[in-house]
2 protein chains.
Amino acid sequence: MYKKIDNDVLKELKEILGDGNLLTPEDDLDTYAHDEVAELWHLPEAVARVHSTEQVSEILKLAQAKRFPVTPRGAGQGLSGGAVPVFGGLVLSLEKMERILEIDEENLMVSVEPGVITGNLHREVEAAGLFYPPDPASLDSCSIGGNIAENAGGPRAIKYGVTKDYVCGLQAVLPSGEVMELGGKVVKNVTGYNLIQLLTGSEGTLAVVTRILLRLLPKPEQRVDLLVPFNSFQAAGQSVSDIIKARIVPVALEFMERDSVLAVEKLTEKEVPFREAAAHLLITLDGNDKAQIDRDYERIGEICLENGAIDVLVADNPQMRERLWENRKLIIEALQNLSPQHIMDTQDIVVPRTQLPHLLPKIKEVGERYQLPIISFGHAGDGNVHVNIIKDVPEEVWKNQAPKAAEEIYRLAVSLGGMVTGEHGIGLTRKSFLSLGIDQAQIEMMRRIKEDFDPNGILNPGKIFS
Amino acid sequence: MYKKIDNDVLKELKEILGDGNLLTPEDDLDTYAHDEVAELWHLPEAVARVHSTEQVSEILKLAQAKRFPVTPRGAGQGLSGGAVPVFGGLVLSLEKMERILEIDEENLMVSVEPGVITGNLHREVEAAGLFYPPDPASLDSCSIGGNIAENAGGPRAIKYGVTKDYVCGLQAVLPSGEVMELGGKVVKNVTGYNLIQLLTGSEGTLAVVTRILLRLLPKPEQRVDLLVPFNSFQAAGQSVSDIIKARIVPVALEFMERDSVLAVEKLTEKEVPFREAAAHLLITLDGNDKAQIDRDYERIGEICLENGAIDVLVADNPQMRERLWENRKLIIEALQNLSPQHIMDTQDIVVPRTQLPHLLPKIKEVGERYQLPIISFGHAGDGNVHVNIIKDVPEEVWKNQAPKAAEEIYRLAVSLGGMVTGEHGIGLTRKSFLSLGIDQAQIEMMRRIKEDFDPNGILNPGKIFS
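The rules behind these values
Residues numbered from 1 in each chain as written. Chains lettered and ligands numbered in written order. Predicted model: local features only at pLDDT ≥ 70, side-chain atom pairs only at ≥ 80, totals over all residues. Heavy atoms only, no water. Helix = DSSP H or I, 4+ residues; strand = E, 2+ residues; numbered from the N terminus. Rg over C-alpha atoms; globule rule 2.2 N^0.38 Å. Buried < 20%, exposed > 50% of the residue type's maximum accessible area, 1.4 Å probe, protein only. Contact = heavy atoms within 4.5 Å. Buried area = accessible area lost by both parts, 1.4 Å probe. Salt bridge = Lys/Arg side-chain N within 4 Å of Asp/Glu carboxyl O. Polar contact = N/O pair within 3.5 Å; in protein donor to acceptor, adjacent residues only side chain to side chain. Least-squares fit on C-alpha atoms with pLDDT ≥ 70 in both. Pairing = 2+ DSSP bridges. Axes fitted to C-alpha atoms, helices over the stretch in contact; angles between N-to-C directions. Domains from an automatic or database assignment. Disulfide = S-S within 2.5 Å.

Visitor: So, the overall build of chain A: which residues are in play, and what are the values?
Guide: Regarding its fold elements, chain A presents 15 helices and 19 strands. In terms of C-alpha radius of gyration, chain A reaches 22 Å, essentially the compact-globule figure of 23 Å for 466 residues. Counting only C-alpha atoms and orienting by the principal axes, one finds that chain A spans roughly 70 × 60 × 45 Å. Counting over 466 residues, chain A shows a buried share of 63%. The long-range fraction of contacts in chain A, counting pairs at least 24 apart against all pairs at least 6 apart in sequence, stands at 73%.

In C-alpha cells, the structure reads:
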C-alpha cells in the first residue's frame, strides 16, 4: 500500500531540507517513535525537521508522488498516539518552526509558528499585558501546533474555553502540497464553510498547520486559588455542581483524588497538604476586581463547607499558588512513576457536569470489580475526567482485565450523556471507541471529509478511523 | 436538472405533514419567496411547515427519490438571500418547530427547536438568571435555527463571541434523510472532526438542523451604556482602537454614521440626541461589579474626549438604554424606509479592528466617486461594518453604478486584511465575491464537502458557490 522511503527519496528530502535537518536510521530516531502514551512505539523511516511552509509543501508533494506516509509531529506530548508513525514513513517534525512572528497589541492577536512551546507563548503575550487562556498541563513542553491538532483544553477551559475558541487564522498545507490561507485578523468571519474549525482538532489527518493566528484577551489583574479537601468523592462532585448552580464560573475547577495526590507526594518527596482527604478540589478565580473575587471565593467556601469540606485553603500569593498547581501538573508524571512498569491507560472522558457525582464512584466500582487500581483527576468544572488504570498487576492480568475495564468506563461516560474524549483526541488509542460516542452517519461523513483532503491517505494514516 | 413537484409528490407531502401544513400555489406563497434582501424573489412550488424531525427526514427522503430542491427556512430574516428558493421546489419552513425543550440550570444549557425566536430564547433564559449572548439586531423576529445557519453575530460579539461559540450539540438531518446527533451536554469534545462547527454557518446547504443545544452563561448583574457623538469618522474609529488598546473589552462597541441616525429620526419622527454629529459610538459595559464598570466607562469617556468626542452620554437606566438601542436596531428598517424604491445593497464586510479609521473614510470616497449615497453602521469593536448603498438615483444609474461601487468596497475590505462577510453569510448576494476573501484551494475543499453531504444537490441549491 505505501512505498518505503528509498535512497532516491532520501536524496530529494535532503535537497529540500538542507544540511542537518533530515534524520535517518543512522541517527537515533527513538524520540520520534512515540508520544506520551505508554507502549505505543513505531520507528519512522526518516524524520524531517522543517523550517518553512515551503519545505512542508515540497515534502508533501514528494510524498504524494512517491506514496510514502507522512506523520506530522509537534512536541510529542500527545496522549492519544496521534504523532506515532504506525506505518513508518516520514515524521514531519515542526519543532524548528518555533518563532512568535507578531504580537499585535492593537488587534489583540498573536501570530505564531506551530513549534512554539505553549508556555513560551503565554509568557511572551503576558509580558505585553495580554492573555492566551488555553493551558494544557504539559504547558512547558507541548507545542501550540499540537494544541491545534488536538484542540487542547486545560484547567482554564471552564471559564475561557479551549484552543478552538481562539483560532482566527491558519496557514495549512494540504496533503497535495497546496497552501491554504484561512481566516485572518478578524474576529468574525462567515465566508464559506468554517474550515478553521474543521482543521482544529483534526489530529493532523487533514492538513499540516504551518502558521497560527490566535486572538488574545487583556490579562486579568487579580487571581485567587483555593484548595478544598473532602472526605468523599460525592461531596466534592456535589460541590462542583453547586458552585455552577450558584452562577459562579471559576477559571479552573479541578478534581484530584487522594491516590493522585499521594503519587505526587511520592514523586516529589514533599508532603502535600491534607494528604488523608479522599478528594481535593483546586479552584481558581480571576478578574480585575478584588472585591468581586473575594465575594465569589467566600461563597464557594460556604458551598464546599455546606457539602462537608474538611477545610478551605486560600492561596493569594504566587509562591503558594505555584505549590498547589505544581502538584496538579505533576500528576501524570507521578502516576507514570508510580506504576513499576511505567504503564497505564489514561482516559479522557467527558460527561455533563451534573453527572460527576454519579460518575466518580462508579469508576471506583469498575476498578474494584476488575481488581485494578484506578486513579482519577481532571477538569471537574467541565465534566472532563482523566481516568488512569494503573498497571500494578501481573502482565497476564493486565492484558486480560485492563481493556475490559477501559471499555466499561468509556461506556459509562456515554451512558451518562458524555463522550469518549474531551481534549486528548481519538488518535490511535481510542479508535475502537469512536463509534461509542457518535453515530454511523457522522463517522461516514468524517471519512468522506478525510478522503476529500487526502485521497491517497498519505497524511497521518491509521489515526481516528479503524 | 431538478424535477417539478407534481401532484403525486404533493399527495405524499400531505401525508407526511398532515392537514394544514402544506402550502401550494393556491395559497399565498409570497412570504416564502424572499428574505430581507431587496429585489430577491422567487416563488417556491410548495411550502412544508414541519413539526418534527421525522417529518424533515421523510421529506428529504422524498426529495432524494423525486429530485426536487428543498430550501430550508427559519424566520426569513436573512440578509444574503439564503432562504430564497431560486430553483423553486419546496421551502421547508421550520417556523412551527418553536419549542424551548429544556432550560438545564445545573449544566447551564438550553435545548431548543430551530423555529424559536431568538428574543424569546433570551427572555426565557434570563428569567432563570441565565444569559445567551448572541443578539442579532433582528432579535425579535429571527429564529435561532437561522442564527445557526448563518452563524449570526450581533453587537455583543466583541466580548461574548458569536453563535458558533455557544453550540454544544445539534440534531441535524442529512439530505439523505439520515438523522445525526452531534455533541451533547458537554463543554469539551474532540471525538472526531468538529461537524458541529462545520454545520454552524453552512447556510442550510449541508443539513437541516432540527434541535440545538446551547451553553449559557450566568447573567451579568450590572450594565451601563454610553452614547458618544463625534465630529469625524476618524475620531470615532481611532477611539475604538484606543479603547481596545487600553485593554477594555466592552460588550458592544457600535458605530453609526450621521445619515443612519437621521434615517431613524425620519422613521420614528422622534428627534435623536446629537443629530448633527458625524458619527456616534454606542458602547455597552457589563459585569457583576458596579465599581469596575464605572472605572471602565470613565476611562472610555476620557479616551473618547481625548479623541475629540463632542460629549459622553451615560445611560444607566433601562428606559434611556432602551431608547439608545432602539435607534440602533431600527437602522436597517429606517434605511429601507429612506430609499423611495426600498432598495439597497447591504454589505457586511469585516476588517481588522485597527483598519477601521482607514476603512470608513475610504467607503465615503467610493460613494462620492460613483455618486451614490452610502451609509455605514455596525459593529466597530469587531471591525464588522454594514455598508448600505442606497438607491436614491434613477434605475439606469443604479444598475450601472451600484455593482461597481459594491465590488470596490468588497475589494477595499480584503485589501485591508478583511473578509467579505462577517455575520450575514455568502448566500446568493455575495456568491461572486466568495473568491475575493479566500483562495481557490479552500473553495475547492468546500465544494467537495458540499458534495459529501449532498451528492445530488437537492439541499438549498444555488447558494454560496457560483
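Visitor: So, the interface of chain A and chain B: which residues are in play, and what are the values?
Guide: At the junction of the two partners, chain A supplies 82 residues and chain B supplies 82 residues. Taken together, both faces of the contact between chain A and chain B bury some 6,700 Å²; the carbon and sulfur share is 60%. Here chain A is connected to chain B by 10 salt bridges. With its nearest N and O atoms 3.5 Å apart, the salt bridge here joins Arg295(B) to Asp289(A). Applying the counting criterion to the chain A and chain B interface returns 30 residue pairs in polar contact (both at pLDDT 80 or more).

Visitor: Requested: an account of the relation of the copies chain A and chain B, with residues and values cited.
Guide: Once turned by 180° and shifted 0.0 Å along the axis, chain A lies on chain B with an RMSD of 0.0 Å. Viewed as a symmetry operation, the transformation between the two copies matches a two-fold axis. Interface overlap between copies is the fraction of interface residues in one copy that are interface residues in the other; for chain A against chain B it reaches 100%, indicating a shared surface.

Visitor: Just give me the short version of the sheet that holds strand β10 (residues 208–215) of chain A, but keep the residues and values in it.
Guide: Residues and elements named next belong to chain A. Spatially, the 5 strands line up as an open sheet ordered β5-β6-β10-β8-β9, and their pairing is antiparallel. Where the open sheet ends on each side, the last strands, each with one partner, are β5 (100–104) and β9 (179–183). Direction aside, neighbouring strands of the sheet carry axes that sit 10° apart on average. Bridge analysis of β5 against strand β6 (residues 109–112) gives 4 bridges, and the strand direction is antiparallel. Along β6, the bridge assignment pairs Asp-104 with Met-109. On the sheet, helix α2 (residues 53–66) packs against β8 (167–173), β9 and β10 and is oriented at approximately 45° with respect to β8.

Visitor: Talk me through the environment of Tyr410(B); I want residue IDs and the actual numbers.
Guide: All names here are of chain B. Note that Tyr-410 resides in helix α13 (residues 395–415). The sequence separation of Tyr-410 and Asp-348 amounts to 62 residues, and the corresponding C-alpha distance is 9.1 Å. In this structure, Tyr-410 is in contact with Gln-347, Ile-349, Val-420, Arg-430, Phe-433 and Leu-436, ignoring residues within four places of it in sequence.

Visitor: Any chance you could break down the domain arrangement of chain A for me, citing the residues and the numbers?
Guide: All names here are of chain A. The domain boundaries assigned to chain A delineate domain 1 (7–96), domain 2 (100–218), domain 3 (222–332) and domain 4 (339–430). Between the C-alpha centres of domain 2 and domain 3 the distance comes to 29 Å. Approximately 820 Å² of surface area, both sides summed, lies buried where domain 2 meets domain 3, with 61% of it carried by carbon and sulfur atoms. On the domain 2 side of the contact with domain 3, Pro-155, Ile-158 and Lys-159 bury the most area, a combined 62% of that side's loss. Where domain 2 meets domain 3, there are 1 salt bridge. The shortest N-O distance in the salt bridge between Lys-159 and Asp-286 comes to 2.6 Å.

Visitor: Summarise the pattern of salt bridges; cite the residues concerned and give the values.
Guide: Residues and elements named next belong to chain A. As enumerated under the stated definition, the model contains 59 salt bridges over all chains in all. The partner of Asp-140 in a salt bridge is Arg-123, and the shortest N-O contact between them spans 3.2 Å. On the criterion of sequence distance, the pair formed by Asp-140 in the loop between β7 (130–131) and α4 (144–150) and Arg-123 in helix α3 (residues 118–127) is long-range, its members being 17 residues apart. Residue Asp-140 is classed as exposed on the basis of its relative accessible area, which comes to 53%. Classification of Arg-123 as partly exposed rests on a relative accessible area of 47%. Taking the shortest distance from any N to any O, the salt bridge between Asp-259 and Lys-364 comes out at 3.9 Å.

Visitor: Describe the state of the cysteines, with residues and values.
Guide: Cysteine pairs can be covalently joined through their sulfur atoms, and such a bond is termed a disulfide. This structure, assessed with the given rule, holds 0 disulfides over all chains. Distance from the sulfur of Cys142(B), which forms no disulfide, to the nearest cysteine sulfur (Cys168(B)) is 20 Å. Left without a disulfide partner, Cys168(B) is nearest to the cysteine sulfur of Cys168(A), which lies 19 Å away. Residue classification places Cys168(B) among the buried residues on the basis of a relative accessible area of 9%.

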